[in-house]
Each structure stands twice: as C-alpha cells, then as structure tokens.
Amino acid sequence: MESYLNENFDVKSKHSSEEALEQWRKVCGFVKNPKRRFRFTANLSKRYEAAAMRRTNQEKLRIAVLVSKAAFQFISGVQPSDYVVPEEVKAAGFQLCADELGSIVEGHDVKKLKFHGGVDGIAEKLSTSTTNGLTSDTGLLNKRQEVYGINKFAEAEAKGFLVFVWEALQDMTLMILGVCAFVSLIVGIAMEGWPKGAHDGLGIVASILLVVFVTATSDYRQSLQFKDLDKEKKKITIQVTRNACRQKMSIYDLLPGDIVHLNIGEQVPADGLFVSGFSVLIDESSLTGESEPVMVNADNPFMLSGTKLQDGSCKMIVATVGMRTQWGKLMATLSEGGDDETPLQVKLNGVATIIGKVGLFFAVVTFAVLVQGLFVSKLQEGTIWSWSGDEALKMLEFFAVAVTIVVVAVPEGLPLAVTLSLAFAMKKMMNDKALVRHLAACETMGSATSICSDKTGTLTTNHMTVVKSCICMGVNEVGNDNKASFCSEIPESAVKLLLQSIFTNTGGEIVINKDGKREILGTPTETALLEFGLSLGGDSQAERQASKLIKVEPFNSTKKRMGVVLELPKGGLRAHTKGASEIVLAGCDKVINSNGEVVPLDEESINHLNATINQFANESLRTLCLAYMELENGFSPNNALPVSGYTCIGIVGIKDPVRTGVKESVATCRSAGITVRMVTGDNINTAKAIARECGILTDDGIAIEGPDFREKSQEEMFTLIPKIQVMARSSPMDKHTLVKQLRTTFDEVVAVTGDGTNDAPALHEADIGLAMGIAGTEVAKESADVIILDDNFSTIVTVAKWGRSVYINIQKFVQFQLTVNIVALIVNFSSACLTGSAPLTAVQLLWVNMIMDTLGALALATEPPTDELMKRSPVGKKGNFISNVMWRNILGQSFYQFMVIWYLQAKGKAMFILDGPDSNLILNTLIFNSFVFCQVFNEISSRNMEEINVFKGILDNYVFVVVLSSTAVFQVIIIEFLGTFASTTPLTCSQWFLSVFIGFLGMPIAAVLKTIPV
C-alpha cells in the first residue's frame, strides 16, 4: 500500500508542482461526494486564471513604462488635458476622481501627472497634506470612502449552514439510498398500508437525514474556524501620518490621500505616488512575475499595491485602493485558488481510493450472492416468473445493503479528518500565539528534526538597552544614576559627534503619538540607541534639522551596517556609519582619543578596541561600532558610501536578556530528538555566550562564523554540519546554504526562523518557515508558513508539539476507521455468502458509518497534545504513515471482532436460548449492538496506539467524552425505542450486559496486542 501511495499520492509539503496536484486527482477514481472530498484542496482553474492575470499585468506594466519613458523624453510643455471633474467628486470637495487617479498610477502616466501639478498637485486635489496627512474627522473620512472606495478586495461570500447541508446531500451513495427508500415506501405502503409499510423506507430516510445534518454541522464548524484564521492572517498594520501624528493603522483603513511610511521589507498597501525617501528598490514579482527590482524616485514615483520594498525607505501618498488596483483584482482571484492540499490529505485520499475500490468489489459480490440465493430458492419453488411484493422488497433490501456496504467501505472521512484535526490545531495554536498560514506546516512541524533559530528577539526578549560603552577609548557603565558623570568624562566635541551620529544615522524615529506622548519607532536596536541619545540630553529634532540628508543606505543583513551622508550647516559633507563592530572597525583608520582629538588608529588602540568588543560580547552584550568621516572631496548621491577611511567614535554594548523559559524549551527539543541551532548576524562571542545560557551550545558542539562556513568544501561540510550549534556573523545566504544542506545531504526536516527581508530565501527553502510576528517584515511573513506572534522560541516548541499531536491524532483515527471498515465488510460479505442474508441492515450500517466517520473524527482527531509527545523521536521524512504498530492493532482488533460476531451468528441462538418467530430479529439486534459497542470501546483503545493506559487525560478532552456518551445513549434509543425503523427489538438486561461486555473485552485484547513487538 505504501509504495502505491508514494507513487500516486505523493505531494510535497511546500511548492508542489501543478502536475503533481493534477495527478492524484485523476487517480482518485471512485469518489462518493466530490464536493465534500475536494472542498479543502486547491482550485487549480482559479490558479491558472491568476497566473494569466499576472502575465497580463506584466505586459501592461512593460508597455506603460515604455510609454512613460517616451513621454518623459518629449514633454516640454504639457498640453491641456480634456479631464473634467465629475460633479459628485466636486460636491464631496475633491478635484480628482478614482478612475483618473488609477489611470495615472497604473498607467505610469507622466503626462497626466505633470498636468495635475505633480505629486504636490495631486495631494492638493485630494484635499490632503504631504506633511500632516488627512484629518481624522469621521464625516470627511466617510465622504472620501464613498467617492474612492475601501482598501479591501472582493471575497467569495461565506457559505451558510444550508449550503453545507446541500453539499452533504451530493453524496452519490446517499442519493441511491434515497431512491431505494422512496421505492421501498411506495411498495411497502401499497402492500401493507400506512404506517406499517412505511417503516423501512422512513428508517432509511431518517438515517440519511441524520448523517447529512451531523456531517454538515461538523463541516460548517470547520469552515468557521478557517474563517477566523483567515481574518487573523489579514491583520497587517502600517505607519501612517494623520492629523500630523504618526500612528499604526490597519492597511484596510487606508484611503486615497493618506500618507504612508514604508521601510525595507514592507508591502505597498495601495497604489500610490512616492513623496520622499532614499534608495527605494521595489520588487514587483508578486504582481507581475518580473524578478528585476524597480528603482522608485521623484522621476519614477509610481508605486503599485502588493509590491514590496526590497531596499530603502520612503513616504508615499495613497492614490487608489481595493478593487480599483490590479493587486485587488489579483487577490480576489487568488483567494479562490485555495491552499495547497497537505501531504497527509493526499495520502489519505489514496487510502480512501484503495479501500473504496475494495469496498465496491465486495458490495457487487455481496449483491450478486444475495440475489443468486433468492433466484435459486425461486427456481427450486418453480416461481421464477411470478414475483410478489415481498420478494421485490427483498431485492430492494439487497440492493440497499450493497450500497450501504459502499457507504461504510469508502472512508470518505479520512481526508476530511486531516482537515478537521488541522483546523482544530490551528485554532488552538492561535491561542498559543502561533498563526499558521499554510495548512501543511501543521503536520510537517510534527516531523521536524532540526530548528535553526535567530537569536535576537526569538531566544532573547528584544527589549534592548545600552548598558556599556567605549567612547573616546574609555569604557563606561551606562546607567540612569551616572548619566551626568558619563557626559563629564567625555569631551564636548565627542558628545556632539556621538549625538549627531545617533540621531541622524538611524532607521528609527522619535514622534509624538495621538496621546501627545513621545514615542520611539523603529527596531529594538535603534530604539535602544535613540534612548541612549536622549538620556545624554540630545534633541532629535534639532539634530535632524541642523543638517540636510544627502543619502541614506539602510541597514541590511548582508552589509551588516547602515550609513548616511549629511550636508553640515557650515558647509562640507560628513558620512556616518554604524553596524557590526568588527566590520565597521576594520574600515576605520583613526579614532577619537580621551582628549577629543582625532588620532591615527595604531596597533595598541586596535587591540584595546578589539579586547573591549570581546569583553562586551562575552558578557552577552550586542556590540555596535559608530564611526564618521569628513568627505572633503565631495560626494555624489548616486555613489555608494565609502567602506574605509572612517574615524571611530566608539563602541556601545546593548543588553538583550534571554527570554524566560528558553532554556527549558531547548531541553524539551533535545529530549524530543530535535536539534536546535542558533544562526545569528551577531558577534561570535556574544552568540556563544547567549547559546550557552540557552543550553544550545554544548561541550561537543561547534560555533562557526559565516565567512568561514561559506569557504568550506562539500566534504568538509559533510563532517562539520552535524556538529554546528552556533553560526555567527552569518549572511542570509549562509542560512540558506545551511538549511539546504540539512534538507538534501542529511535528509532532515528543517524549521527556520526569520524576520528580515533577506531571510525570505531561507524561509522559502525550509520545510517550515517561521516568521516573527513583531520584528518580522511583511516579506518574511509572506515567505513563512507559520507566524510566531510573540517572537518567542517557546512558542516554536508549542508548534512542534501541536504538529506531532496532529500527526498522531490522524493516525489514531485511521487505525480506528480501518478496523470498522474491515470488520463491516467481512461480516456482511461472509454472512451474505454463507447464510444468504446480511446481519447488518442499511439503517444500521448508516449509523455505524456515522460513528466511525464524522463522530470518530471529532473524538479522535481533536485530542489535545501531551508532554509525552515531546519525549519521542521525530518521524522525519522516512516514516510510513500507516505504521507496523497500526497494522498490528488493526488486524488484531478486526480478527477479534470478526470472530465474536461470526460466533454469535453461528451459535448465538443456542447461546441465548432463542427460539420462536422473533429469534432472528433478536439475534441480529444482539450482533448489531455488540458490533457498535466493540467500536465504542475500540475508540477508547485507539486513544493511545502503544501504551496500555488509554484513560490518561481522557476527561481533558470534553469532545471525546461527549461523542462517546452520545453514541452510547443514542445506541440505547435505537435498540429500545426505534426498532420499527432500525430493524431492532428491545433486549433483556442479560442480553444488554453481554453485548456491552463483548465490546469491553476488546480493550484487554487491545492491551495484550500492544505488548507484541513489531
């Protein structure tokens, strides 16, 4: 079976080809209810539509850019446009309609832009200010929304409960049974009158309706869970200026005229125009498929929704929103494309297909044997050409039994149990601060053998403060109580340079928020430095206004530094740089000494500074070096900043404490067979100190720097990688290489954390990409499979635990369902062949089907995870889904159930001293009751596939208790009160006791089976 599944039903957990997704659908063959079976699979036709739309966008943009370039060359004086402002737009107080704005931005129309007075003219016509943004007057905002629309794309309406009922009714076998019930009603009433003749038909109808409503309720609840998760996925906030205040706002609240602040790694939230900024490179691949980044500046100010900032930072004015943008239209189509199906969903579709074919064969043979028995008896009686109503009903009953065997035999619920379990896990993980973006990540995380984690913010708290510094060659503690003495020890000229460096060479910003309080925006590192500058008495606004910014090179993890060029108030240019201490220090040839003088950087000074860096790093401090350079030969903004010739101002040590609980989480991973590696851009000594504190770096582990790692040959990597526990000063490509080697050479299942734009390749390459919810950029989140909302390593361990829980829950359910399938098939088939009648009727089989399908999935697929799960080895890539342990339990339990039911059928009458006209009915009721209670107790035994104690934690899962209790109660009702519909009769106390005892006996047998080694 495994080889067949691997050949035809094997898809990857990520980036499966369209061919692979098409292939398994074709192999599926016999499907009872395609609408339900394929509900949670990708809609490939919608995907092809989205790909075609991308190609169209690419062509449109290419033509628009060419036209705008040509127009730019020939514009001398712009001809008057024939544009007339619509009356309703004028009445609302604006001078531009949405269509005109759309044609300017989407069409890259330079001519129209110039006619409307450029970006400032557009701002004026939109009644906004490029410095203060929109006013927050609700009435005016509502008016703007009416004219220009909202920033949301059209989505398919959520399905109501009745739609799920209708879809559940699409089951082909239930339709056939419905027809049988209808015929049975007509024939029965014609022969025996109302109501006696209607019992059989009404019984089947009631069973069908019960199955349909229980199925629809389960599916509807699932869809609501996915809906909640979708809402969470779409929560994206952005920095906006409104009422002259910087504030965080949902991208869905944006309106034309809003002033948006964008940084590297963020997504452009609406179509707009560039107002100001530096080094802006836009990646338009998500919209057009074009991988070459586009430079955006005052000459090419067009910014399209859905594209991402690959580099730089800027301010943008929103022009068009929502469905008026190409991104809105593309997203509306893409949202209908759905998520890729997960490997387990596909594998279980395969299992359902195999068993379905077997079931269909048995159903046909059973029907043939039953009909043949009837024909033989009629031949012997010589009545082959005369048929009574009873015989016609009998024929119909045979057909109904055959169809019901197909209902029971085709485990349609298997693939849906995966979705149910995943939906349940995703909802619970959301409460545990993990947002799953792709379904497959849930189950893949359960197989993870290696986690490559960032240091900053994941293992540490990300609450940074400057605690030590080495300014003007002197090492000082930085604390609230010694700020005055700190400043008095440093020459005034050096303090001025330090403050200028902190406040101008920064990616952060000090703003006044809505409450009128000062707020520092930016990364924790930037925030720590700005707080340090403020504590020294610095004035951010004054420093920024005193000099003019000529060029900004934002920080990125490849260069590990950032820099600016300033035009000083008294003339002259100065460059400031800051970044990784060793890298910036290597570019310095001078230093400011204790007297505030600039002196050459001699060997003694270099040794002193390097010793200081190592000392800070060994104390688990993050170190940054600040330096400057007078640009006496001038500077062109088109050139890159110099990398050498700087004067070192000083080094700061930033404390970022290790998160509580990380050490325990790392130990949990180790006991679970998961290797944790730290991959960081920090100094190697800082990385080692923190790794030891977290329990990641052990005595036999290796810490290596990125530049050394990338020089290694393939052979060296083969021996080195298993021992690597820390990689410091790593570039994004080092992380990508490590992940690729672990996945391909060592066949590991790798989870990787990332927060920056440059982490996207590693997140994409990994089996599970984990992006940080707080520190992560939009690009990182887009490439990730799971977003860790609290940026905490302990949450990653929780995700692994839930992943294992999903995998094992589905295994439990498969074990339970296959046991019922096998027994129901063999009992009805063998009985039909040997006695000429089936002991379980259509109504009874429908009830059994519901126990094992919808209710069984609810009970077993929603078990919460236990700590025991993290004491096993991971499954990895090699494990068979239906393991030997499962086959042992399935075959052992099936054998017991079959033998018991067969014995009851053969010797039951003698055993219970049954005689008289009702003896067959009582015996069949006993068989049905024993069979159902065998499933009830087998469900309990299936809670743990290897341990004998299956009651541990049973009361923690209220769903399991409710399902089990409901099944037992409803079984009593069926036997005692619904006999006329279900072909049963009330049983005596001793008969009840024996049938329940037969079911219970399955539990000690299951316990004995678990002691057999496999």
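What comes next is a walk through the structure.

Conventions and cut-offs
- Residues numbered from 1 in each chain as written.
- Predicted model: local features only at pLDDT ≥ 70, side-chain atom pairs only at ≥ 80, totals over all residues.
- Heavy atoms only, no water.
- Patch = residues over 30% accessible without salt bridge, like charges linked within 9 Å, V, L, I, M, F, W, Y side chains within 5 Å.
- Areas by Shrake-Rupley, 256 points an atom, 1.4 Å probe, with all protein chains shown as cover.
- Salt bridge = Lys/Arg side-chain N within 4 Å of Asp/Glu carboxyl O.
- Buried < 20%, exposed > 50% of the residue type's maximum accessible area, 1.4 Å probe, protein only.
- Pairing = 2+ DSSP bridges.
- Helix = DSSP H or I, 4+ residues; strand = E, 2+ residues; numbered from the N terminus.
- 1 Å grid on protein atoms, 1.4 Å probe; cavity = no way out; pocket = protein on both sides within 12 Å on 5 of 7 lines; lining within 4 Å.
- Points joined across faces, edges and corners; volume = space filled by probe spheres on them.
- Nonpolar A, V, L, I, M, F, W, Y, C, P; charged D, E, K, R; others polar.
- Axes fitted to C-alpha atoms, helices over the stretch in contact; angles between N-to-C directions.
- Arc of directions from axis to C-beta.
- Contact = heavy atoms within 4.5 Å.
- Phe/Tyr/Trp six-rings, centres within 6.5 Å; stacked < 30°, edge-to-face > 60°.
- Core = buried A, V, L, I, M, F, W, Y, C linked by side-chain atoms within 4.5 Å.
- Parallel < 35°, antiparallel > 145°, perpendicular 65-115°, else oblique.

Bringing a nonpolar patch on the surface into the picture now. Side chains of Val-179, Phe-182, Val-183 and Ile-186 sit close together on the surface and give an oily, nonpolar patch of about 370 Å² of accessible area. On the basis of relative accessibility, which here comes to 33%, the residue Val-183 falls in the partly exposed class.

Of the strand pairs in this sheet, strand E12 (residues 509–512) and strand E13 (residues 518–521) are connected by 4 bridges, and their pairing is antiparallel. When the sheet's bridge partners are listed, Glu-509 is paired in E13 with Leu-521. Taking the residues that link successive antiparallel strands as the turn, the E12-E13 hairpin has 5 residues, and the phi of Gly-516 there is positive, at about 80°.

There is about 1300 Å³ of room inside the second largest pocket. Of the residues forming the lining of the second largest pocket, the biggest block, 8 residues, is contributed by helix H16 (residues 389–409). Across the lining of the second largest pocket, the residue classes tally to 16 nonpolar, 15 polar and 7 charged.

For side chains bearing opposite charge, pairing can occur when the charged atoms are close. Throughout the structure, instances matching the rule amount to 22 salt bridges. For the salt bridge of Lys-801 with Asp-867, the shortest nitrogen-to-oxygen distance reads 2.9 Å. Placement of the pair is Lys-801 in helix H32 (residues 793–835) and Asp-867 in the loop between helix H33 (842–860) and helix H34 (884–912), with a sequence separation of 66 residues. When its relative accessible area of 54% is taken as the criterion, Asp-867 is described as exposed.

A few words now on the sheet that holds strand E9 (residues 450–453). One open sheet holds the 8 strands; their spatial order is E8-E26-E25-E24-E9-E21-E23-E22, and the pairing between them is mixed. The sheet terminates laterally at strand E8 (434–436) and strand E22 (702–705), the two strands that pair on one side only. If you compare each strand with its neighbour and ignore which way they point, the axes differ by 20° on average. As judged from the 3 bridges shared by E8 and strand E26 (residues 786–788), these two strands associate in the antiparallel manner. Residue Val-436 lies in a different strand from E26, and its bridge partner there is Val-786.

Turning our eyes to something else, we now look at helix H25 (residues 662–671). Buried within H25 we find Val-662, Ser-665, Val-666 and Cys-669. The buried residues of H25 occupy an angular sector of 100° when the element is viewed end-on, so they sit on one face. The exposed set on the far side of H25, more than 90 degrees from its buried face, consists of Lys-663 and Glu-664. For H25, the secondary structure elements touched by its buried residues are E9, strand E21 (675–679), helix H26 (684–694) and H32. The first or second residue beyond H25 is Gly-673, which carries a positive phi of 80°.

A word on unusual backbone geometry. Of note, Lys-433 is a non-glycine position whose phi angle comes to about 70°, a positive value. The topology assignment puts Lys-433 in the loop between helix H17 (413–431) and E8. With phi around 50°, Arg-729 is a residue other than glycine that occupies positive phi space. Topologically, Arg-729 is positioned in the loop between strand E23 (724–728) and helix H29 (732–744). Exposure remark for Arg-729: the relative accessible area of 8% places this residue in the buried category.

What follows concerns the packing of aromatic side chains. Inspection of every chain in the model, using the stated rule, returns 12 aromatic pairs. Between the aromatic rings of Phe-161 and Tyr-220, the centroid separation amounts to 5.8 Å while the plane-to-plane angle is 70°, which identifies the pairing as edge-to-face. Taken together, the residues Phe-161 in helix H10 (residues 161–168) and Tyr-220 in helix H12 (residues 199–233) connect sequence positions 59 residues apart. A residue is classified by how much of its surface remains accessible, and Phe-161, at 27% relative accessible area, is partly exposed. For Tyr-220, a relative accessible area of 27% puts it in the partly exposed group.

This part takes up the side chain of Thr-241. Mapping Thr-241 onto the fold places it in strand E1 (residues 237–242). Judged by its relative accessible area of 6%, Thr-241 is buried. When residues no more than four places from it in sequence are discounted, the contact partners of Thr-241 are Thr-131, Asn-132, Gly-133, Leu-134, Arg-246, Asp-258, Ile-259 and His-261.

One can find Val-565 in strand E15 (residues 561–567). Remark: the alpha-carbon pair of Val-565 and Thr-577, spanning 12 residues in sequence, is separated by 9.0 Å. Not counting residues within four places of it along the chain, the set of residues in contact with Val-565 comprises Lys-548, Leu-549, Ile-550, Lys-551, Leu-573, Arg-574, Ala-575, Leu-631, Phe-635 and Leu-641.

In this section: the nonpolar core. In this structure, Leu-177, Met-445, Ile-768, Phe-793 and Val-814 are the most contacted members of the largest nonpolar core, which totals 148 residues. With 19 residues, H32 is the single largest residue contributor to this core. For Val-814, the contacting residues outside a window of four places in its chain are Leu-348, Leu-414, Phe-881, Ile-882 and Met-886.

Where H12 meets H33, the closest approach of the two axes is 9 Å, and the angle between their N-to-C directions is 10°. Of the possible angle classes, the one that applies to H12 and H33 is roughly parallel. Mapping the contact onto sequence places Gly-203, Ile-204, Ser-207, Ile-208, Leu-210, Val-211, Val-214, Thr-215, Ser-218 and Arg-221 in H12 and Ala-842, Val-843, Leu-846, Met-850, Thr-854, Leu-855 and Leu-858 in H33. Here the contact of H12 with H33 is composed, by residue class, of 11 nonpolar, 5 polar and 1 charged.

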